[in-house]
Amino acid sequence: MKYTTEITIDIPIEAFVQKLDNPDNMKHWQRGLVSYKQLSDTPGAEGAQMELHYKMGKRDMVLIETILRSNFPHEFHATYDTKGVHNIQKNYFKDIDGHSTQWISEAEFQFSSFMMKVMGFLMPGAFKKQSQKYAEDFKAFAENGISVADA
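This one's a predicted model, so the numbers in the text were calculated from it and none came from an experiment.

Draft legend 1. View of the sheet that holds strand S4 (residues 59-71). Strand order in the open sheet formed by 7 strands is S1-S7-S6-S5-S4-S3-S2, and the pairing between neighbours is antiparallel. At either margin of the open sheet sits one strand with a lone partner, and together these are strand S1 (2-9) and strand S2 (33-38). Recorded for the sheet is a direction-independent mean angle of 20° between the axes of neighbouring strands. Examined bridge by bridge, strand S3 (residues 49-56) and S4 share 8 bridges and lie antiparallel to one another. Residue tyrosine 54 lies in a different strand from S4, and its bridge partner there is methionine 61. Sitting on the sheet, helix H4 (residues 124-144) touches S1, S3 and strand S7 (100-111), and the angle it makes with S1 is about 15°.

Have a look at this one:
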């Protein structure tokens, strides 16, 4: 399953990258994030891994992020793996007149478990809706300092 989301954040690209590339900020725009742990000696570098713990309703989920390409301020690509799911995220960032940043995110989900294949088939919109919500929450945090942790 593949889809693309786009959003414009009304801050310059330098400030955008500063906020996005700081793992301590994830709790402000990724709902359900409980904790993260760097697994590599060089966080943020290509090949580096991070363990992310989420609580989604009653479900606990652990993802392993692996950075494929870190070329800020232009692009950031990573994979996210959890039981039954391999997610490839390709993120592109474009400066708009020195005042705003366009964030284009291409997502590809590959399902290996039967249950996740069924969910992907029956509810593909739920995955895109979640991605769009993270982008909107990042926009609120980046532009106005609104944190989902305060909700």
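Draft legend 2. A look at the environment of leucine 52. In this structure, leucine 52 sits in strand S3. Classification of leucine 52 as buried rests on a relative accessible area of 1%. As a C-alpha pair, leucine 52 and phenylalanine 127 span 75 residues in sequence and 18 Å in three-dimensional space. With residues near it in sequence (within four places) discarded, leucine 52 still touches Met26, Leu33, Ser35, Tyr36, Met61, Val62, Leu63, Glu65 and Tyr80.

Criteria and cut-off values
Residues numbered from 1 in each chain as written. Predicted model: local features only at pLDDT ≥ 70, side-chain atom pairs only at ≥ 80, totals over all residues. Heavy atoms only, no water. Pairing = 2+ DSSP bridges. Helix = DSSP H or I, 4+ residues; strand = E, 2+ residues; numbered from the N terminus. Axes fitted to C-alpha atoms, helices over the stretch in contact; angles between N-to-C directions. Contact = heavy atoms within 4.5 Å. Buried < 20%, exposed > 50% of the residue type's maximum accessible area, 1.4 Å probe, protein only.

Keep in mind these numbers describe shape, not what the thing actually does.
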